[in-house]
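What follows is the residue order along each chain.
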Amino acid sequence: MYKTLNMTRKISKKEIRKQRRLQIIKENKALYNTNINLPEVSIYTDGSCTRNPGGIGGYAAIIINNSNSSKRKVIVEGYRQTTSNRMELMAAIFGLEALKKRCKVTVYTDSEYLANGINLNWAKNWSKKNWVLKQKIRPNHDLWKRLLTLCEYHVVWFNAIPRNSMPEQEKCDELAGIFTKTHSYDILPVDEEYENKI
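Residues numbered from 1 in each chain as written. Predicted model: local features only at pLDDT ≥ 70, side-chain atom pairs only at ≥ 80, totals over all residues. Heavy atoms only, no water.

Peer 1: Sorry, what's going on with the nonpolar core here?
Peer 2: Counting 32 residues, the largest nonpolar core has Ile43, Leu96, Leu99, Val105, Trp144, Leu147 and Phe158 as the members making the most contacts within it. Broken down by element, the residue count for this core peaks at 7 residues, all from helix H2 (residues 84–97). Among all residues touching Leu99, those that are not within four sequence positions of it are Val41, Ile43, Ile63, Val105 and His154. The next biggest cluster of nonpolar side chains, apart from the first, holds 8 residues, and it includes Tyr44, Ala60, Ile62 and Ile161. (Core = buried A, V, L, I, M, F, W, Y, C linked by side-chain atoms within 4.5 Å. Buried < 20%, exposed > 50% of the residue type's maximum accessible area, 1.4 Å probe, protein only. Helix = DSSP H or I, 4+ residues; strand = E, 2+ residues; numbered from the N terminus. Contact = heavy atoms within 4.5 Å.)

Here it is in structure tokens:
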């Protein structure tokens, strides 16, 4: 008689987390795809900072109406002192805030921090914990709050793409970079949330 071998493989915590991430993405993507009666918009975004953290920052968003690609709006702004992550977040926030009615939106970004924050429910979970991380307030909580509110109104999916892999996203990268190099510290607005904490 041969002993029956136990072929059951123990699943590691890493694999469990990966499977959970994939399930969350699948559920959120399915929710996004069920909303088909809204105007569809694409927003390409990027943020830049001359020195991270604390340098001059710029962000850019290109908003395109999917039913008429000639209808587009370009937003380029920045701050005298900020961080790259804050610029990535602001690009998405100001792009969504520019929409005049509820839309189904795909936001294209090369920031996994931004995409995963929404697609994987990180920001929602941070909110449930009152934005506390190791007894301190989580960085950028002010912007995540704004972004969550916008994502509750619009139907939004964040598409994480490789850097400069699409012409519009590459243009945003160029515009944000140019902004940081052509605007002096003295004339730029203050990113109060950032500067009040340094």
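Peer 1: How should I be thinking about H2 in this particular structure?
Peer 2: What sets the pattern is the α-helix's 3.6 residues per turn: residues three or four places apart point alike. With 14 residues, H2 ought to run about 20 Å at 1.5 Å a step, and its terminal C-alpha atoms sit 20 Å apart, in line with that. Most of H2 sits out of view: 10 of its 14 residues are buried. By the burial criterion, the buried members of H2 are Arg86, Met87, Glu88, Leu89, Met90, Ala91, Ala92, Ile93, Gly95 and Leu96. (Expected span 1.5 Å × (residues − 1).)

Peer 1: I'm lost on the packing of aromatic side chains in this one. Help?
Peer 2: Any two aromatic rings considered together are summarised by their centre-to-centre distance and by the angle between their planes. A full pass over the atoms with the stated rule returns 5 aromatic pairs. Geometrically, the ring pair formed by Trp122 and Trp126 is tilted, given 6.2 Å between the ring centres and 40 degrees between the ring planes. Remark: Trp126 and Trp122 occur in helix H4 (residues 122–128); sequence separation between them is 4 residues, near one turn of the helix. For the pair Trp126 and Trp144, a centre-to-centre distance of 5.5 Å together with 75 degrees between the ring planes defines the contact as edge-to-face. Highlighted residues: Trp126 in helix H4 and Trp144 in helix H5 (residues 141–153), separated in sequence by 18 residues. Across the pair, Trp144 and Trp126 agree in class, each one buried. These aromatic residues form a ring-pair network of at least three members: Tyr113, Trp122, Trp126 and Trp144. (Phe/Tyr/Trp six-rings, centres within 6.5 Å; stacked < 30°, edge-to-face > 60°.)

Peer 1: Teacher, can you tell me more about the pattern of salt bridges here?
Peer 2: Here the idea is simple: oppositely charged side chains can pair when their charged atoms come close. If you walk through the whole model with that rule in mind, you get 8 salt bridges. Glu195 is the partner of Arg80 in a salt bridge, and the nearest nitrogen-oxygen pair spans 2.8 Å. Here the residue Arg80 occupies a position in strand S3 (residues 68–82), and Glu195 occupies one in helix H7 (residues 192–195), the gap between them amounting to 115 residues. For Arg80, a relative accessible area of 24% translates into the label partly exposed. Its relative accessible area of 15% is what places Glu195 among the buried residues. Each of Arg86, Asp142 and Asp191 takes part in a single network of salt bridges with overlapping partners. (Salt bridge = Lys/Arg side-chain N within 4 Å of Asp/Glu carboxyl O.)

Peer 1: What exactly am I supposed to notice about the packing of helix H3 (residues 112–119) against H5 here?
Peer 2: Axis angle and axis distance: for two packed helices, these are the angle between their axes and the distance between the axes, and together they describe the pair. Here H3 crosses H5 at 55 degrees, and the two axes come no closer than 11 Å. With respect to each other, H3 and H5 are oriented oblique. H5 is crossed by H3, and the crossing has right-handed handedness. Two secondary-structure elements touch here, H3 through Tyr113, Leu114, Gly117 and Ile118 and H5 through Trp144, Leu147, Leu148 and Cys151. In terms of residue class, the contact of H3 with H5 is built from 7 nonpolar, 1 polar and no charged. (Axes fitted to C-alpha atoms, helices over the stretch in contact; angles between N-to-C directions. Parallel < 35°, antiparallel > 145°, perpendicular 65-115°, else oblique. Left-handed = near helix turned anticlockwise from the far one by under 90°. Nonpolar A, V, L, I, M, F, W, Y, C, P; charged D, E, K, R; others polar.)

Peer 1: Could you clarify how one ought to interpret a positive patch on the surface in this entry?
Peer 2: On the surface, a cluster of positive charge is contributed by Lys10, Lys13, Lys14, Arg17 and Lys18. Here Lys18 is to be found in helix H1 (residues 13–34). On the basis of relative accessible area, Lys18 is assigned to the exposed category, the value being 56%. (Patch = residues over 30% accessible without salt bridge, like charges linked within 9 Å, V, L, I, M, F, W, Y side chains within 5 Å. Areas by Shrake-Rupley, 256 points an atom, 1.4 Å probe, with all protein chains shown as cover. Lys, Arg positive; Asp, Glu negative; His and termini not counted. Charge placed at Lys NZ, Arg CZ, Asp CG, Glu CD.)

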